[in-house]
Amino acid sequence: FRYACAVGGSADLVALVLSSDGHPSVDWVSQCMVEAARAGCLDTVVALSHSVADGNHDNAAALKAAVGLGRRDVALAVILGSHPPGPVGLNETFDQLMSAENINPNDKIAMAEVLLCAGAQGDATAKALVQACTTDYIDMIHLLVQYGTSIEFQDAAAVRKIVSKARMDQAEIV
């Protein structure tokens, strides 16, 4: 079962096992979802996430794997599952996304929006706002402000960055 999840292409078999009376334990299914996410197998992740798999398993490892691969579809499958990741996992994943250098800016914006819609908030998003203001990442600033990210983090560091650079375009957004 675990091998079928990890290599992908066997979503029908995985779904059949999950619907049986003797399906694997929650921990086993949750770990299999992590492995399916690492393999980028959307259909298998969907089957597992809609069963008993826990999105919080191993600190939201399935979601982190999907984000690390830049796979919004797999991330959405984990988030929309029966037992989605909680706030801690979402925020840790948001931090991971913001520090990822292998994801292009447009994909990063799209993935950030998925995580923001799922509930990422607090220090993780506020740090991202400060970083976006520092690097003049206007699209990210706009997205974070749109989702209610606080500008008060670290004594309004984001606002201070904007003012110190005299960036009126960013000031209007914030």
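Please refer to the structure placed before this passage.
The following refers to the structure shown. Not measured: the values here are computed from a predicted model.

A separate point is the packing of aromatic side chains. As enumerated under the stated definition, the model contains 0 aromatic pairs in all. Between Arg 2 and the ring centre of Trp 28, over which it is positioned, the NZ or CZ distance is 5.0 Å.

Further remarks concern unusual backbone geometry. Of note in this structure, Asp 58 is not a glycine but carries a positive phi near 55°. For Asp 58, the location among the structural elements is in helix α5 (residues 57–68). Residue classification places Asp 58 among the partly exposed residues on the basis of a relative accessible area of 46%. Of note in this structure, Asp 136 is not a glycine but carries a positive phi near 60°. Among the structural elements, Asp 136 can be located in the loop between α9 (123–135) and α10 (138–146).

The final tally for this structure, using the stated rule, is 4 salt bridges. Where Glu 92 meets Lys 64, a salt bridge forms, and the shortest distance between an N and an O atom there is 2.7 Å. Highlighted residues: Glu 92 in helix α7 (residues 87–99) and Lys 64 in helix α5, separated in sequence by 28 residues. Judged by its relative accessible area of 33%, Glu 92 falls in the partly exposed class.

The rules behind each value
Residues numbered from 1 in each chain as written. Predicted model: local features only at pLDDT ≥ 70, side-chain atom pairs only at ≥ 80, totals over all residues. Heavy atoms only, no water. Phe/Tyr/Trp six-rings, centres within 6.5 Å; stacked < 30°, edge-to-face > 60°. Lys NZ or Arg CZ within 6 Å of the ring centre and 35° of its normal. Helix = DSSP H or I, 4+ residues; strand = E, 2+ residues; numbered from the N terminus. Buried < 20%, exposed > 50% of the residue type's maximum accessible area, 1.4 Å probe, protein only. Salt bridge = Lys/Arg side-chain N within 4 Å of Asp/Glu carboxyl O.

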